[in-house]
Amino acid sequence: MWHHLKPNPRNLRVWQVALLLAVLAFWYAMTKPGLLPLVMFENDRQAAFFFGEPLKVAGRIWSWFVTEADIYRHLAVTLIETLLAFGIGSTLGLGAGLWLALSPMASALLEPYIKGLNAMPRIILAPIFAVWFGLGIGSKVALGVTLVFFIVFFNVYQGVKEVSPVVLANARMLGASQRQLLRHVYLPSATAWVFSSLHNSVGLAFVGAVVGEYLGSSQGVGYLILQAEGSFDINTVMAGIVVLTAFALVLDALVGRVETRLMKWQPRAGETERL
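Sequence order as written defines the numbering, with residues in each chain counted from 1. Confidence filtering applies because this is a predicted model: local features only for residues at pLDDT of at least 70, side-chain atom pairs given and counted only at 80 or more, and all residues used for totals across whole chains, interfaces and linings. Side-chain metrics rest on all non-hydrogen atoms present in the structure, leaving aside hydrogens and water.

Draft legend 1. Representation of the overall build of the protein chain in the model. A run of H or I in DSSP becomes a helix once it reaches four residues, and a run of E becomes a strand once it reaches two; helices and strands are each numbered from the N terminus. For the protein chain, the helix and strand inventory stands at 12 helices and zero strands. Helices (α) and strands (β) of the protein chain occur, in sequence order from the N terminus, as α-α-α-α-α-α-α-α-α-α-α-α. For every residue, the accessible area (1.4 Å probe, protein chains only) is compared with the maximum for its type, and the residue is labelled buried under 20%, exposed over 50%, or partly exposed between those bounds. Put simply, the protein chain has 275 residues, and 36% of those count as buried. A separation of at least 24 residues holds for 69% of the contacts in the protein chain among residues at least 6 apart in sequence. Under the convention used here, a 1.4 Å probe and the Shrake-Rupley method define accessible areas, while residue burial counts only the protein chains that appear. Of the accessible surface of the protein chain, which amounts to about 17100 Å², a share of 68% is contributed by carbon and sulfur atoms. Contacts: residue pairs with any heavy atoms within 4.5 Å of one another.

Draft legend 2. How the structure looks around the packing of aromatic side chains. Centres within 6.5 Å are what make two rings of Phe, Tyr or Trp a pair, Trp counting through its six-membered ring; a difference in plane orientation under 30 degrees is then read as stacked, over 60 as edge-to-face, and the rest as tilted. Summed over the entire model, instances satisfying the criterion amount to nine aromatic pairs. Note on Phe129 and Phe133: the rings are 6.0 Å apart at their centroids and 40 degrees apart in plane angle, and the pair reads as tilted. Of this pair, Phe129 and Phe133 both sit in helix H6 (residues 126–133), four residues apart, roughly one helical turn. On the accessibility criterion, Phe129 (8% relative accessible area) is buried. For the ring pair Trp132 and Phe133, a centre distance of 6.3 Å and an interplane angle of 80 degrees mean the geometry is edge-to-face. By way of ring pairs, the aromatic residues Phe149, Phe150, Phe153, Phe154 and Tyr157 are connected into one cluster.

Draft legend 3. Geometry of the side chain of Asn155. With respect to the helices and strands, the residue Asn155 is situated in helix H7 (residues 137–161). Polar contact is the term for a pair of N or O atoms within 3.5 Å; when the atoms are in protein, one must be able to donate a hydrogen and the other to accept it, and sequence-neighboring residues count only if both atoms are side-chain atoms. Here the side chain of Asn155 touches Ile151 through a polar contact of 2.7 Å, landing on its backbone oxygen. Residue contacts for Asn155: discarding those within four places in its chain leaves Trp193 and Ser197.

Draft legend 4. Seen up close, a nonpolar patch on the surface. Patch membership requires more than 30% relative accessible area and the absence of a salt bridge. Residues of like charge join within 9 Å; the nonpolar side chains Val, Leu, Ile, Met, Phe, Trp and Tyr join within 5 Å. Any Lys or Arg side-chain nitrogen found within 4 Å of a carboxyl oxygen on Asp or Glu counts as a salt bridge. Residues Ile80, Leu84, Ile88, Leu92 and Ile137 make up a contiguous nonpolar surface patch of about 400 Å² in total accessible area. Residue contributions to the nonpolar patch peak at four residues, all from helix H4 (residues 72–102). Here Leu92 lies in helix H4. In this structure Leu92 comes out as partly exposed when scored by relative accessible area, which is 46%.

Draft legend 5. Local environment of helix H1 (residues 12–31). Taking 1.5 Å per residue as the helical rise, H1 with its 20 residues ought to reach 28 Å, and the 29 Å between its terminal C-alpha atoms agrees with that figure. Every buried residue belonging to H1 is among Trp27, Ala29, Met30 and Thr31, and all of these are buried. Each helix should span, by expectation, one fewer than its residue count multiplied by 1.5 Å.

Draft legend 6. Highlighting the pattern of salt bridges. Per the stated rule, a full pass over the model turns up two salt bridges. Here Glu111 makes a salt bridge to Lys115, at a shortest N to O gap of 2.9 Å. Highlighted residues: Glu111 and Lys115, both in helix H5 (residues 104–119), separated by four residues, approximately one helical turn.

Structure representation (structure tokens):
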């Protein structure tokens, strides 16, 4: 029954907001003494200790941004680390994906090594990067780059491989050079794959920055969360998670706007159905 229903754009946002409010209301009731009987915990205070309280989380965020206004330098550091990791990792992934997709010899030679590096849990590289690059921004950026690179790389590689042989043959028949093929055939084919990978890469760039800050740092939102965990301040931990999530969504929305502008040539789903 449900899989036949389609969302109504006119009230979709209302339902999304209603769902968020319902989750917040349940969270509030679960941690407010006497409002909701909980079998899992001995009392409501225990639930608040584990999950925090939404009003206190909101108060912590308000204090960070308005009352004390002391989060901005930490947020700036985390955002710089994220943007650098996102930009460098995406650029390297795009270049390497194009190179190996267009170079069968290099692809065959490096394939087992690339698969091995991708299979490795790259979070374990964080201590090594801390030794190599110190506890500053460099180690966080390096970790983020390793997380972003492979997502972009494999999507670009697959996108170039998906180019229609008929389109390639026609372009070569018309005398297109290798540079023209790259610009007018390979890159447009890989564009949709690239932006799909960039949406996923935003979150991973944040992961690299925050995990690096966990391992050793004196600034950043990850550092604030680590300090709060050390004192069992679950409300501050939840507030940090909310702030990181919000800014990850903002960055993802920016990527979406760039994608919309650059992908005007691609027909939308509704237009495709009409055709």
